[in-house]
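Each chain is listed here by its residues.
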Amino acid sequence: MNITQVPFGFIKDGKVFQNSWGGNPEREIGEVRDEDIEKSTQFFQERFSDLEKKICDVTDKIDSMENKGSFLMKLVHLKEHLPHHDGLGDYLALQEKIIKYESLVRDIIQKNRVRNTEIKTALTVELKEAIEIINWKEATEKVNDVKSRWIKTGSAEEDKNESLEEEFWEVVKDFFDRKKQFFEDKIKLTDHRKRQYQEIIEDAKKLADVHGKERFTKVKELKERWKEVGGIPA
């Protein structure tokens, strides 16, 4: 059996193997091409270098960008991909680097969630105050402002996020349902008053054939009815 050792692996019977690392067993990752061990080894070392560069690009962005939490799933995907990547290099060092940054990002996410919980709790209180404003236009502007800030705020702590979301959006829904009902009732009331005014106008037209005291009494009655109907939009 012909075995040739290469960095982080070995060649056996024309096959390229990756050494075991971090609990992952040694495994075949390819073949020696054109019986050129050096060239084949270099090919798999370059594959490792490409992966290493990809990981460094991610960690550099984490170091430089404010929204570090957005890189969590990328780190998880890279960590899961390591044991299946066909290359020759120090995979254990890459794994340790990913785990370090994953821990950092998860800690930041947790701290952000605590902060977001505080913000969303305060926004819920602000929302409940906004819906008590009597003026619908002013109340709606305030509710929409609170909604906008809520949407821009990330998730709260996992055990509190669902209940906060349900409470907030239930209050929003109730507000707009009440607003809709108010204006529907207002339209119905306006239509009813318009019909009442129209009836009074029709009765007034009939006064052309009424004279004397009866006419005076009818006019007075119609004026009282007119005043009692209530206002309608100009």
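Spatially, β1-β2-β3-β4 is the arrangement adopted by the four strands of the open sheet, whose pairing is antiparallel. Only two strands of the sheet have a single neighbouring strand rather than two, namely β1 (3-6) and β4 (27-31). In this sheet, adjacent strand axes meet at a mean angle of 30° when their direction is disregarded. Of the strands in this sheet, β1, β2 (9-12), β3 (15-18) and β4 touch helix α1 (residues 37-64), which is tilted by about 120° from β4.

Here α1 contains 28 residues, and its C-alpha end-to-end distance of 40 Å stays within 8% of the 40 Å for a straight helix at 1.5 Å per residue. Residues of α1 that are buried: S40, T41, F44, F48, L51, I55, V58, T59 and I62. Contact partners of the buried residues in α1: β1, β2, β3, β4, α2 (72-81) and α3 (91-130). At the N-terminal end of α1, a side-chain oxygen is found 3.3 Å from the backbone nitrogen of E38, two or three residues along, and the residue is D36.

The next thing to look at is a negative patch on the surface. Together, D34, E35, D36 and E38 make up a region of like negative charge exposed at the surface. Mapped onto the secondary structure, E35 falls in the loop between β4 and α1.

A few words on the packing of aromatic side chains. By convention here, two paired aromatic rings are described through the distance between centres and the angle between planes. Taken as a whole and assessed by the stated rule, the structure comprises 12 aromatic pairs. Seen from their ring centres, W21 and Y91 are 5.7 Å apart, and the 20° between their planes marks the pair as stacked. With W21 in the loop between β3 and β4 and Y91 in helix α3, the pair connects residues that are 70 residues apart, well separated along the chain. Taking the relative accessible area as the measure of exposure, Y91 reaches 1% and is therefore buried. An angle of 80° between the planes, with centres 5.0 Å apart, marks the rings of F175 and F176 as edge-to-face. For F176, a relative accessible area of 26% gives the class partly exposed. Counting every residue linked through ring pairs, the aromatic cluster contains W136, F175, F176, F182 and F183. Residue placement shows K12 over the ring face of F17; its charged tip is 5.2 Å from the ring centre.

Once that is clear, we can look at the nonpolar core. Residues L51, I55, I62, L75 and L82 are the most contacted members of the largest nonpolar core, which totals 17 residues. Of all the secondary-structure elements, those providing two or more residues to this core are α1, α2 and α3. The contact partners of L82, leaving out residues within four places of it in the chain, are W21, L51, I55, Y91, L94, Q95 and I98. Core analysis: the next-biggest nonpolar cluster, separate from the first, contains 15 residues, I131, A156, F168 and F175 among them.

Within the fold, P233 resides in the segment after α6 (212-229). Residues P233 and I187, spaced 46 residues apart in sequence, show a C-alpha to C-alpha distance of 9.9 Å.

To continue, consider the layout of surface pockets. One number sums up the size of the largest pocket: a volume of about 280 Å³. Around the largest pocket, the lining is made up of 13 residues, and of these N67, G69, N112, R115 and N116 lie nearest the centre. Here the residues of the lining of the largest pocket sort into two nonpolar, seven polar and four charged. Approximately 170 Å³ is the volume found for the second largest pocket. Looking at the second largest pocket, the residues that line it are G30, E31, R33, D34, K39, S40, Q42, F43, F44 and E46. Elements supplying a minimum of two residues to the lining of the second largest pocket: β4 and α1. Looking at the lining of the second largest pocket, the element that brings in the most residues is α1, giving six residues.

The next subject is unusual backbone geometry. Phi is positive for F8, which is not a glycine, with a value near 65°. Within the secondary structure, F8 sits in the loop between β1 and β2.

Note that β1 and β2 share four bridges and pair antiparallel. Bridged to I3 within β2 is K12. Between the end of β1 and the start of β2, which pair antiparallel, lie two residues, with F8 showing a positive phi angle near 65°.

Cut-off values and rules
Residues numbered from 1 in each chain as written. Predicted model: local features only at pLDDT ≥ 70, side-chain atom pairs only at ≥ 80, totals over all residues. Heavy atoms only, no water. Pairing = 2+ DSSP bridges. Helix = DSSP H or I, 4+ residues; strand = E, 2+ residues; numbered from the N terminus. Axes fitted to C-alpha atoms, helices over the stretch in contact; angles between N-to-C directions. Contact = heavy atoms within 4.5 Å. Expected span 1.5 Å × (residues − 1). Buried < 20%, exposed > 50% of the residue type's maximum accessible area, 1.4 Å probe, protein only. Polar contact = N/O pair within 3.5 Å; in protein donor to acceptor, adjacent residues only side chain to side chain. Patch = residues over 30% accessible without salt bridge, like charges linked within 9 Å, V, L, I, M, F, W, Y side chains within 5 Å. Areas by Shrake-Rupley, 256 points an atom, 1.4 Å probe, with all protein chains shown as cover. Salt bridge = Lys/Arg side-chain N within 4 Å of Asp/Glu carboxyl O. Lys, Arg positive; Asp, Glu negative; His and termini not counted. Charge placed at Lys NZ, Arg CZ, Asp CG, Glu CD. Phe/Tyr/Trp six-rings, centres within 6.5 Å; stacked < 30°, edge-to-face > 60°. Lys NZ or Arg CZ within 6 Å of the ring centre and 35° of its normal. Core = buried A, V, L, I, M, F, W, Y, C linked by side-chain atoms within 4.5 Å. 1 Å grid on protein atoms, 1.4 Å probe; cavity = no way out; pocket = protein on both sides within 12 Å on 5 of 7 lines; lining within 4 Å. Points joined across faces, edges and corners; volume = space filled by probe spheres on them. Nonpolar A, V, L, I, M, F, W, Y, C, P; charged D, E, K, R; others polar.

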